[in-house]
Amino acid sequence: MKQDPEIFAIIQKERERQTKGIELIASENFVSDQVLQAMGSVLTNKYAEGYPGHRYYGGCEVVDLAEDLARNRLKQIYNAEYVNVQPHSGAQANMAVFMACLKAGDTFMGLNLSHGGHLSHGSAVNFSGLMFRAIDYSLNEQTGRVDYDELEQKARAERPKLIIAGASAYSREWDYARIRKVADEIGAIFMVDMAHPAGLIAAGLLDNPLKYAHIVTSTTHKTLRGPRGGVILMGKDFANPWGKTTPKGEVKMMSALLDSAVFPGTQGGPLEHVIAAKAVAFGEALQPEFKTYQQQVKKNAAVMAQAFMDLGYKIISGGTDNHSMLVDLRTKYPDLTGKVAEHALVAADITTNKNMVPFDTRSAFQTSGLRFGTPAITTRGLKEDKMPWIVELIDTVLQAPESETNIAKVREVVNQEMNQYPLFAW
Ligand code: DSN
């Protein structure tokens, strides 16, 4: 069959963009060739509504093997008792948890979006904020860390049924034990969305939230370096008989509630080609090289954060425990918005995203911050000695973000250097 020239030209263009630039978006990564192969496989042809061994279609015995492999490997990585690998994304995983744990209008609590939280943790324009009563907790302005005192006070006063920990732009470890304690005190379910640091947790470099939370959700494509997708897990609370009582008076296990909240509650047929790619990525995460990779991700982030601070930039919370950092541009360039900075850096083939900083004086469309992360450049092979070099290039662009000549000079240096780090084998 003749290739579709239009779309394959576009794919080629994106491949070139990824190859020639420095990718610093904290939520992105480059998957292995075998993850790509599994995603582009014949498994996309199969309908498999239901779960392995209990499907609504014939001919599922082969995809059952792939889904079981994904489930078993994921359990092994995080020491989980229950997993569901079908959510199409992190937001879908979160939606299923809401459906299993709450009724429309119930109160729940998550980190304020403008302090680093996530859309699906209660934003007014997301299903979570539209269908439920969302209350939030914040970061402390001085420390740039979660204000656990505020979290506890609000939880006691408002008695949310669900408390969510986890963030999209937060560079510090969480005190999960403290949140679990207040959740137990008020009878709330404690959920952790570990999407961002999932790979570091898998490698044992950050605390495993399954030890503390009733339910954990994640994406599979950030630090975990798998295909785009979501998962749900449970650890020690798996056997808790909490859950909804059926009309017949039976108490349903949370695992059954979660399974039916994913399918048929919020999704139809699972993406078995993506589940196979998840299985591949989970297999990779179980290898010793994965730990070495994550150690480098963390080391690169720490060195990059220090390099920013050495040049006079403010890093929220003064550093990082994980793969990411949030730069407040106002200390160095008070008149520069995140929007203009992002645009200039992208033109220099350095990809990042504008981000609100806690207590930002600008809107989400302008912002005073930039978010950076090291998972993708570490996969590419860059080590800590290159981090100050990257930060200097960023600073060169930000000194004259409107100057095409300045940007073009940096772009040339970026493209030449990245040429030394091959990315795709096929
Ligand atoms: N959009 C993702 C991020 O960039 O962090 C979160 O889902």
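Read on for an overview of the structure. (Residues numbered from 1 in each chain as written. Predicted model: local features only at pLDDT ≥ 70, side-chain atom pairs only at ≥ 80, totals over all residues. Heavy atoms only, no water.)

Right, let's get into the site of the ligand. Around the ligand, a shell composed of Ser27, His118, Ser168, His196, Lys222 and Arg371 is seen. At 2.7 Å from an oxygen atom of the ligand is found a side-chain nitrogen or oxygen belonging to His196. Take Arg371: an N or O atom from its side chain is 2.8 Å from an oxygen atom of the ligand. When the free accessible area of the ligand is taken as 230 Å², the share hidden by the protein chains comes to 64%. Within the shell around the ligand, the residues separate by chemical class into no nonpolar, 4 polar and 2 charged. (Near = heavy atom within 4 Å. Polar contact = N/O pair within 3.5 Å; in protein donor to acceptor, adjacent residues only side chain to side chain. Areas by Shrake-Rupley, 256 points an atom, 1.4 Å probe, with all protein chains shown as cover. Nonpolar A, V, L, I, M, F, W, Y, C, P; charged D, E, K, R; others polar.)

As a further point, take the pattern of salt bridges. Note on pairing: side chains with opposite charge can pair once their charged atoms come close. Tallied over the full model, the rule gives 19 salt bridges. Of the charged contacts in the structure, one is a salt bridge between Arg156 and Glu185, with a shortest N-O distance of 2.6 Å. In this pair, Arg156 is assigned in helix α6 (residues 148–158) and Glu185 in helix α7 (residues 176–186), connecting sequence segments 29 residues apart. Between Glu417 and Lys386 there is a salt bridge, with the nearest N and O atoms lying 3.3 Å from each other. (Salt bridge = Lys/Arg side-chain N within 4 Å of Asp/Glu carboxyl O. Helix = DSSP H or I, 4+ residues; strand = E, 2+ residues; numbered from the N terminus.)

Okay, the environment of Leu130 next. Looking at the element boundaries, Leu130 is found in helix α5 (residues 127–131). Residue class for Leu130 comes out exposed when judged on its relative accessible area of 62%. Excluding its chain neighbours within four sequence positions, the residues that come into contact with Leu130 are Ser123, Ala124 and Val125. (Buried < 20%, exposed > 50% of the residue type's maximum accessible area, 1.4 Å probe, protein only. Contact = heavy atoms within 4.5 Å.)

This part takes up unusual backbone geometry. A cis geometry characterises the amide bond from Phe263 onward to Pro264, with omega recorded as 10°. By secondary structure assignment, the location of Pro264 is in helix α9 (residues 254–266). Despite not being glycine, Arg225 has its phi angle at roughly 65°, a positive value. Tracing the backbone shows Arg225 in the loop between β9 (215–219) and β10 (230–234). Classification of Arg225 as buried rests on a relative accessible area of 17%. Residue Ser317 is not a glycine yet carries a positive backbone phi of 75°. Structurally, Ser317 can be placed in the loop between β11 (314–315) and β12 (324–328).

For the rest of this paragraph, the subject is the sheet that holds strand β8 (residues 189–193). Read from one edge of the open sheet, 7 strands run β4-β10-β9-β8-β7-β5-β6, paired in mixed fashion. Each of the sheet's edge strands pairs with one partner strand only, and the pair in question is β4 (82–84) and β6 (133–137). With strand direction ignored, the average angle separating the axes of adjacent strands in the sheet is 20°. Relative to β10, β9 is paired through 4 bridges, and the arrangement is antiparallel. Across the sheet, Val216 pairs through a bridge with Leu233, a residue of β10. (Pairing = 2+ DSSP bridges. Axes fitted to C-alpha atoms, helices over the stretch in contact; angles between N-to-C directions.)

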